[in-house]
Amino acid sequence: MRLLAVILALASVVPATPLLAQEAATISYEQVETGADAFVTGGERLVHPGGNDVEIGESQFWQVGPAPIPAGIAAYGPFRVIDGRHVALIDATDSRSPQQFAALLRDYPAISEIEMIECPGTEDDLANLRLGRMIRERGIATHVPTGGSVRSGGVELFLAGVQRYADPGSEFAVHSWIDDSGREAGDYAADAPENRRYLDYYRQMGMSMGEAQAFYAMTNAVPFESAHWFGAEEMGRWIRLDHVES
């Protein structure tokens, strides 16, 4: 299974509540299988469903099988151009991704939506945040279809969408990061640069400071070695999700 980037951290010691109101060290990454153990915020250990619905806190999501990977008409790193307005993200991002995305937009300037199909995270956290800012600046929407999987650094890119859509049966996973000295987010002061970079990013993506702190704390309630899996319903408790008008 591809890399699941560990890019989220603890902003404060207060319990996180949905919708109240992340340069020094190198961020490390780990490989996490989609069948790996999951943790609930309260500490109960669960097994990722792998085909069955699972209760996680107060929300449920269904692993209905992965969304199909489109062949596309052009490839730019982890991106596959579907047509003149839609592009799919199907792999982890890395240090080359901002440049690849800029080339994609140069060749397909009318791109308006990213279909987030298989998004395991990132191999370069700072480049991933730059990519998210590019998405937001271009006014592009993000969409996780049924069966789409957005994990760790992929969550940052989902938040970058000017409109954010998550279909029933989509899934997300978050957990804390660890740096090359073995320290996690909670080992740093809340206002340390290692933590501030994520809070600043969330603010740029439209969250209030209270919402950013709560969301960041939620992601880091789970240790580096595991992941918290949840669905669109729970994501909608943390951020405003958009809905296609029927």
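Residues numbered from 1 in each chain as written. Predicted model: local features only at pLDDT ≥ 70, side-chain atom pairs only at ≥ 80, totals over all residues. Heavy atoms only, no water.

### Re the overall build of the protein chain
Okay, step 1: From N to C terminus, the protein chain includes six helices and 18 strands.
Okay, step 2: Counting every atom, the protein chain has about 10400 Å² of accessible surface; 51% of that belongs to carbon and sulfur. (Helix = DSSP H or I, 4+ residues; strand = E, 2+ residues; numbered from the N terminus. Areas by Shrake-Rupley, 256 points an atom, 1.4 Å probe, with all protein chains shown as cover.)

### Focus on the pairing of strand 13 (residues 141-144)
Okay, step 1: Side chains A141 and H143 of strand 13 all project onto a buried face; the interleaved residues T142 and V144 project onto the opposite face, where all are buried too.
Okay, step 2: In this structure, strand 11 (residues 113-116) lies alongside strand 13, joined through three bridges in parallel fashion. The partner of I114 across the bridge, within strand 13, is T142.
Okay, step 3: The pairing of strand 13 with strand 15 (residues 164-166) spans three bridges and is parallel. Bridge assignment links V144 to a residue of strand 15, and that residue is A166. (Buried < 20%, exposed > 50% of the residue type's maximum accessible area, 1.4 Å probe, protein only. Pairing = 2+ DSSP bridges.)

### Notes on the pairing of strand 11
Okay, step 1: Of the two faces of strand 11, the one carrying E113 and E115 and the one carrying I114 and M116 are both buried.
Okay, step 2: Pairing between strand 10 (residues 86-89) and strand 11: four bridges, direction parallel. Note that in strand 11 the partner of V87 across the bridge is I114.
Okay, step 3: Taken together, strand 10, helix 1 (residues 97-107) and strand 11 constitute a β-α-β crossover, and its handedness is right-handed. (Right-handed = clockwise from strand over helix to strand, strands pointing away.)

### Concerning the side chain of H143
Okay, step 1: With respect to the helices and strands, H143 occurs in strand 13.
Okay, step 2: Overall, the relative accessible area of 13% leaves H143 in the buried class.
Okay, step 3: Non-local contacts of H143, meaning those with residues more than four positions away in its chain, are made with E113, I114, E115, M116, Y165 and D167. (Contact = heavy atoms within 4.5 Å.)

### A word on the packing of helix 4 (residues 193-204) against helix 5 (residues 209-219)
Okay, step 1: As a packed pair, helix 4 and helix 5 sit with axes 9 Å apart at the nearest point and diverge in direction by 125 degrees. In terms of their interaxial angle, helix 4 and helix 5 are classed as oblique. As helix 4 packs across helix 5, the resulting crossing turns out to be right-handed. On helix 5, the residues touching E194, N195, R196, Y198, L199, Y202 and R203 of helix 4 are M209, A212, Q213, F215 and Y216.
Okay, step 2: Of the residues that constitute the contact of helix 4 with helix 5, the class distribution is seven nonpolar, two polar and three charged. (Axes fitted to C-alpha atoms, helices over the stretch in contact; angles between N-to-C directions. Parallel < 35°, antiparallel > 145°, perpendicular 65-115°, else oblique. Left-handed = near helix turned anticlockwise from the far one by under 90°. Nonpolar A, V, L, I, M, F, W, Y, C, P; charged D, E, K, R; others polar.)

### A short note on the packing of aromatic side chains
Okay, step 1: Taken as a whole and assessed by the stated rule, the structure comprises nine aromatic pairs.
Okay, step 2: A centroid spacing of 5.2 Å and a plane angle of 55 degrees characterise the contact between F158 and F172, whose relative ring orientation is tilted. On the criterion of sequence distance, the pair formed by F158 in helix 3 (residues 153-159) and F172 in strand 16 (residues 171-174) is long-range, its members being 14 residues apart.
Okay, step 3: F158 gets classed as buried once you look at its relative accessible area, which sits at 0%.
Okay, step 4: In this structure F172 comes out as buried when scored by relative accessible area, which is 0%.
Okay, step 5: Every member of this aromatic cluster is reached through a ring pair, and the members are Y198, Y201, Y202, F215, Y216 and W238.
Okay, step 6: Directly above the aromatic system of Y188 lies the positively charged group of R183, at a separation of 4.1 Å from the ring centroid. (Phe/Tyr/Trp six-rings, centres within 6.5 Å; stacked < 30°, edge-to-face > 60°. Lys NZ or Arg CZ within 6 Å of the ring centre and 35° of its normal.)

### Section: the pattern of salt bridges
Okay, step 1: For the coordinates displayed, the defined rule picks out six salt bridges.
Okay, step 2: In this structure, R151 engages E118 in a salt bridge whose closest nitrogen and oxygen atoms are separated by 3.0 Å. Residue R151 is located in strand 14 (residues 149-151), and its partner E118 is located in strand 12 (residues 118-119); the two are separated by 33 residues in the primary sequence.
Okay, step 3: Between R237 and E233 there is a salt bridge, with its nearest N and O atoms 2.9 Å apart. Of this pair, R237 and E233 both sit in helix 6 (residues 232-238), four residues apart, which is roughly one turn of the helix. (Salt bridge = Lys/Arg side-chain N within 4 Å of Asp/Glu carboxyl O.)

### A word on the confidence of the model for the protein chain
Keep in mind that low pLDDT regions are not for reading the predicted coordinates in detail.
Okay, step 1: Looking at the protein chain as a whole, its pLDDT mean stands at 80, while 73% of the residues score no less than 70.
Okay, step 2: In this model, residues 35-60 is a region of pLDDT below 50 whose contacts with residues beyond four sequence positions or in other chains number 58 contacts. (pLDDT = per-residue confidence, 0-100.)

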